[in-house]
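Read off the chains here:
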Amino acid sequence: MSKPYYESGDLKKFGDIAEFEPELAAKFFDYYGSVFEEGELTAREKALIALAVAHTVQCPYCIDAYTEASLQKGANEAQMMEAVHVSCAIRGGASLVHGVQMMNKAKKIGM
Amino acid sequence: MKETTLRSRGHALNDPGEQLEILNKHTPRMCTLPRFEQMLETSGLAPLRPTGIDIFQMNLGYMCNMVCKHCHVDAGPDRKEMMSRENLEQCIRAIEEMDAQTVDLTGGAPEMHPDFQWFVEQISKPGRTIIVRSNLTILVTNPKYRAFPEFFKKHKMDVTCSLPFYNKYTTDKQRGEGTYDRSIEALKALNDIGYGKEGTGLPLNLVYNPAGAFLPADQTALEADFKNNLMRKHGVEFNNLYTITNLPISRYLEYLLMSDNLDDYMEKLVEAYNPAAAAGVMCRNTISVSWNGILYDCDFNQMLEMPVETESSRHISDFDAETLMNRNIVVNQHCFGCTAGAGSSCGGATA
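Residues numbered from 1 in each chain as written. Chains lettered and ligands numbered in written order. Predicted model: local features only at pLDDT ≥ 70, side-chain atom pairs only at ≥ 80, totals over all residues. Heavy atoms only, no water.

(A) Representation of helix α12 (residues 250-258) of chain B in the model. Here α12(B) has its buried residues at S250(B), R251(B), Y252(B), L253(B), E254(B) and L256(B). Where α12(B) terminates, the next one or two residues include D260(B), which has phi positive at roughly 60°. (Buried < 20%, exposed > 50% of the residue type's maximum accessible area, 1.4 Å probe, protein only. Helix = DSSP H or I, 4+ residues; strand = E, 2+ residues; numbered from the N terminus.)

Structure below.
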């Protein structure tokens, strides 16, 4: 079988992106670290948001990472699934709300 | 599927030697992990030495009314090991001789020991903390055990109980169907007589441990979540939440192997090694006595049958605080469980 596009082990190599361009990588990881620090939002709330976004962008690395992070920050399975539903609702809603645009156009050119 | 003990299944992991073999060289990845002793050396803590004997912990026996998936004792209804009256008397002698300030009673379900009440009556005195590690469900099992909270109260015992989460799904997944509802019933009964309520001097502490192959959340944050949720959902109050990391032994080791999580979990523990947590490990101020009187550095070493190093004081009948204070603590790869992240002990996070 040919090598799959995604390898779960590659997540651990995320930091290796610095090899080709260290300065931007350093800035990014520094920023990334700050984003996930406890702030006005708790670390757990941020992990759950990240989990929802991970599903929206359908990044398997992020899903792995933030499933574990959410559990490790004290979230439970039901909360995590609710977060996925939030992602789904926004994503589905984003398609559906464009139905208004479709209707506008259809009404304009229809009789 | 209903959980059963490794012992009743004649499982290979029933043998502590097999567990140690797995922890040390089960896979090529595990062979490459640093040794716990090496990590202690880099932290300037090798050999690991006691700081005192502040906690006299006794495992009264491995019998339990429950069979939890993660149990490091492999406790269950079929386990018959129980501390003899003779060993209990030897423990009393040691407790009085050293004037132990904290006596920590664990099991199995320590309440199931027929001499539990007699023993507590012998050692109970003002200024001495006696902790009972209760699984909660035993306290609503039958009229005999329903009377125990009043007994705890009479002797002002600290009640420290297991509750892996503030919901049914996670709790029952780890500890068996119906556990959550029965635990809440027991917590309410304890609250009703003053446990966990401010100003009563009756401490009710909960123990959280992850229901899976991950590290515990921050203890303070999780305690706040537990308090909010248990109050909102059930009107239940408690004092402290202790987060405990699952150590990769016994039935939890079985779970790690069966779910193919062992390598990743061990790596996680090693990566999260925290020198501050290593300095605060509970084996430095605890002695653990097993049902058959043998002395261990901790309850985990007890399950792995790794007794204290001091041959001349290795049984409760030869208990000698001075000798024990001069021992080197016995360690192995499972110890990474107590030094990961914020650390882990019977009293929760250590760093």
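Don't stop here, the text continues.
(B) Region of the structure containing a nonpolar patch on the surface. Among the surface-exposed residues, F14(A), I17(A), F28(A), Y31(A) and V35(A) lie close enough to one another that they form a single nonpolar patch of about 470 Å² accessible area. Checked against the element boundaries, I17(A) lands in the segment before α1 (22-35). (Patch = residues over 30% accessible without salt bridge, like charges linked within 9 Å, V, L, I, M, F, W, Y side chains within 5 Å. Areas by Shrake-Rupley, 256 points an atom, 1.4 Å probe, with all protein chains shown as cover. Salt bridge = Lys/Arg side-chain N within 4 Å of Asp/Glu carboxyl O.)

(C) Geometry of the sheet that holds strand β5 (residues 204-208) of chain B. Residues and elements named next belong to chain B. Taking strand neighbours across the sheet as the criterion, the eight strands line up as β6-β5-β4-β3-β2-β1-β7-β8 in an open arrangement whose pairing is mixed. The sheet is open, and its two borders are formed by β6 (241-243) and β8 (295-296), each paired with just one other strand. Pairing analysis gives four bridges linking strand β1 (residues 55-59) to strand β7 (residues 286-289), with the strands arranged parallel. Counterpart to I55 in the pairing with β7 is T286. Seen against the sheet, helix α6 (residues 116-123) touches β1, β2 (102-106) and β3 (129-134) and runs at an angle of roughly 175° to β2. Across the face of the sheet, helix α10 (residues 179-192) comes into contact with β4 (158-162) and β5 while running at roughly 155° to β5. (Pairing = 2+ DSSP bridges. Contact = heavy atoms within 4.5 Å. Axes fitted to C-alpha atoms, helices over the stretch in contact; angles between N-to-C directions.)

(D) Quick look at the interface of chain A and chain B. Taken together, the contact between chain A and chain B spans 11 residues of the former and 16 residues of the latter. At the boundary of chain A and chain B, one finds five salt bridges. Counting across the chain A and chain B interface gives seven residue pairs in polar contact (both at pLDDT 80 or more). Take the side of chain A that touches chain B: its biggest share by element is three residues, from helix α3 (residues 60-72) of chain A. (Polar contact = N/O pair within 3.5 Å; in protein donor to acceptor, adjacent residues only side chain to side chain.)

(E) Main features of the pairing of β7(B). Residues and elements named next belong to chain B. Covered by surrounding structure in β7 are T286 and S288 together with I287 and V289, the residues of both alternating faces. As paired strands, β7 and β8 are joined by two bridges and run antiparallel to one another. Within β8, the residue paired with S288 across the bridge is Y296. The hairpin turn running from β7 into β8, its antiparallel successor, is five residues long, and G293 in that turn takes a positive phi close to 90°.

(F) Representation of the environment of G212(B) within the structure. Residues and elements named next belong to chain B. Here G212 shows up in the loop between β5 and α11 (219-234). A relative accessible area of 10% means that G212 is categorised as buried. Along the primary structure G212 and P126 are separated by 86 residues, whereas in three dimensions their C-alpha atoms are 40 Å apart. Each residue touching G212, except ones within four places of it in the same chain, is listed here: N246, Y252 and Y255.

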